[in-house]
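If you want the building blocks of each chain, they are given just below.
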Amino acid sequence: MSKGKLELDPVKVVVGDLALFGGQPAFQDALHVGRPNIGNRQRFEERVGDILDRKWLTNNGKYVKEFEQRVAELTGVEHCVVMCNGTVALEIAIRSLGMTGEVIVPSFTFIATAHALQWQEITPVFCDVNPRTHTLDPEKVEQMITPRTTGIIGVHLWGGVCDIDALSQIARRHGLKLLFDSAHAFGCSYNNRMIGGFGDAEVFSFHATKFVNSLEGGAVVTNDAELARKMRLMKNFGFTNYDRADYIGINGKMNEVSAAMGLTNLESMDDFIAVNHRHYKQYMAELAGIEGITLLAYDEEERCNYQYVVCEIDQSRTIVTRDQLMEILHKENVLARRYFYPGCHRMEPYRSYFPHAGLLLTETEKLTNRVLCLPTGISVNENQIGAICQIVRFAVENGVEVNDMMNEVKESAIPLSR
Ligand code: T4K
């Protein structure tokens, strides 16, 4: 038995045991990707009580200020401006940086990265990624620069970081703004420096599904004092005084209850990471050696939050496809997610604007058909992970039979309409 591997009774013995073919689902309750981690409930309730007693609910309250200070300390960055969510934080960072025209972004990301640009009538120019790291390929970035390009947004996908040095050099050489969408990378490092202080600014998400959550929430961190000042005004309608607005602004403020949740969860951050790390190692051990299945590897020399377990399925070797495997797992009540299928360039409005974008996004197109994220975080335990891995192994090792039976089921299904 390899290290980290668990001895469990077999969950499935014959193919007919799969829930997809009428067997008993392996789990009674659904296992999710993105089930929120919740820290010390009592501490949270105390803070919420204090908020209610003090009747200061939002507008740069005590807990928001404390949360900003803690995030700045943790990331080693001078300024942290927290906001109501990561998407608004991206929009405000983009606008404050003065990005216009075209901005180069990966298509292999959550749609919010692209929408934050398009929302402001800035064209997201989709660039391919490195198939090993799933992050922007710097060589290809440089090829996509035009006279209209004003910036680059690198996404530290899954908490694995971009090639920051290469992207910084390109940005410097071409006079471009460099922003990082670090929604997945809170608590991670690059060359042993915490993510947050790179580029012109970095954006975090503290959404419920992130390993540290503030219910909803986001933040921009930067070492640029003027940029931070601008963003503070912009998230508060552009007010510089009680009755004076100097900028166009919106309402991007975080409320006190969110900040209280964020602070409470920060206190448990190391525990969450330890659990995620253990789960990641277990998945690595238990999925090892399955033909055609690999897990995205994180650099153990760097700090990482291990919040996503990213499985890659090479269907030319597994016989069962990624989508079949997802269907099998869903029927077992394992709600694996094919993030970020089908890629931003295949969603509207981008699909209509750039119908041929896929031609330049060969690695992205491959990844969107290979990736499946598996449950982790404090809501799953090692027995459950052991069972999930058993099901994956079972489905792949019986790939021919599973595939035949799935096709049979499909063929015998009565069409709903003709
Ligand atoms: N940039 C990147 C690279 C991002 O990944 C994101 C967000 C952003 C920017 C924007 O940040 P925010 O504006 O969101 O702060 C989820 C999240 O909604 C989204 O925040 C996240 N990325 C994305 C990767 O995942 P969905 O559509 O998959 O969420 P949903 O509702 O399907 O939830 C996922 C699973 O979590 C479900 O199986 C149920 C479970 N869940 C969810 C919530 C909200 C719970 O158990 N409890 C909950 O409260 O997008």
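These figures come from a predicted structure and were not determined experimentally.

Draft legend 1. How the structure looks around the site of the ligand. Taken together, 26 residues surround the ligand, and among them R35, T87, D181, H184 and Y339 come closest. Between the ligand and S205, the relevant distance is 2.7 Å, taken from an oxygen atom to a side-chain nitrogen or oxygen of the residue. In this structure, K210 approaches the ligand through a side-chain N or O atom, which is 2.9 Å from a nitrogen atom. The fraction of the free accessible surface of the ligand (920 Å²) that becomes covered by protein chains is 76%.

Draft legend 2. Spotlight on the sheet that holds strand 16 (residues 371-374). An order of 13-14-16 is seen for the 3 strands of this open sheet, with the pairing classed as antiparallel. The open sheet has two free edges, formed respectively by strand 13 (293-295) and strand 16, since each of these has just one partner strand. With strand direction ignored, the average angle separating the axes of adjacent strands in the sheet is 30°. Two elements, strand 14 (residues 309-313) and strand 16, share 4 bridges in a ladder whose sense is antiparallel. Among the inter-strand pairings, V310 is bridged to a residue of strand 16, identified as C373.

Draft legend 3. How the structure looks around the side chain of T264. Tracing the backbone through its elements, the reader meets T264 in helix 8 (residues 256-267). Only 2.6 Å separates the side chain of T264 from the backbone oxygen of A260, close enough to count as a polar contact. Ignoring anything within four residues of it in the chain, the contact list for T264 reads G39, N40, R43, F44 and R47.

Draft legend 4. Seen up close, the pairing of strand 2 (residues 79-83). Most of strand 2 sits out of view: 4 of its 5 residues are buried. Here 5 bridges tie strand 2 to strand 10 (residues 218-222), and the two strands are oriented antiparallel to one another. Paired with M83 across the strands is G218, a residue of strand 10.

The rules we used
- Here, residues in each chain are numbered from 1, in the same order as that chain's written sequence.
- Selection of residues for local features in this predicted model requires a pLDDT of at least 70, selection of side-chain atom pairs for listing and counting requires 80 or more, and totals for whole chains, interfaces and linings are taken over all residues.
- Side-chain measures here rest on the full set of heavy atoms in the structure, leaving out hydrogens and waters.
- Any residue with a non-hydrogen atom lying within 4 Å of a molecule or strand is treated as near it.
- Polar contact is defined as a pair of N or O atoms within 3.5 Å, subject to the rule that within protein one atom must be able to donate a hydrogen and the other to accept it, and that residues adjacent in sequence are counted only when both atoms are side-chain atoms.
- Reported accessibility uses the Shrake-Rupley method at a 1.4 Å probe radius. Residues are deemed covered only where the shown protein chains occlude them.
- Any two strands with at least two DSSP bridges between them are considered paired.
- Helical segments are the DSSP runs of H or I of at least four residues, strand segments are the runs of E of at least two, and each set is numbered from the N terminus.
- The angle between two axes is taken between their N-to-C directions and runs from 0 to 180 degrees, where each axis is a line fitted to C-alpha atoms and a helix contributes only its stretch in contact.
- When checking whether two residues touch, look at their non-hydrogen atoms; a contact exists if any pair is within 4.5 Å.
- Only protein chains enter the area calculation, which uses a 1.4 Å probe; residues under 20% of their type maximum are buried, those over 50% are exposed, and those in between are partly exposed.

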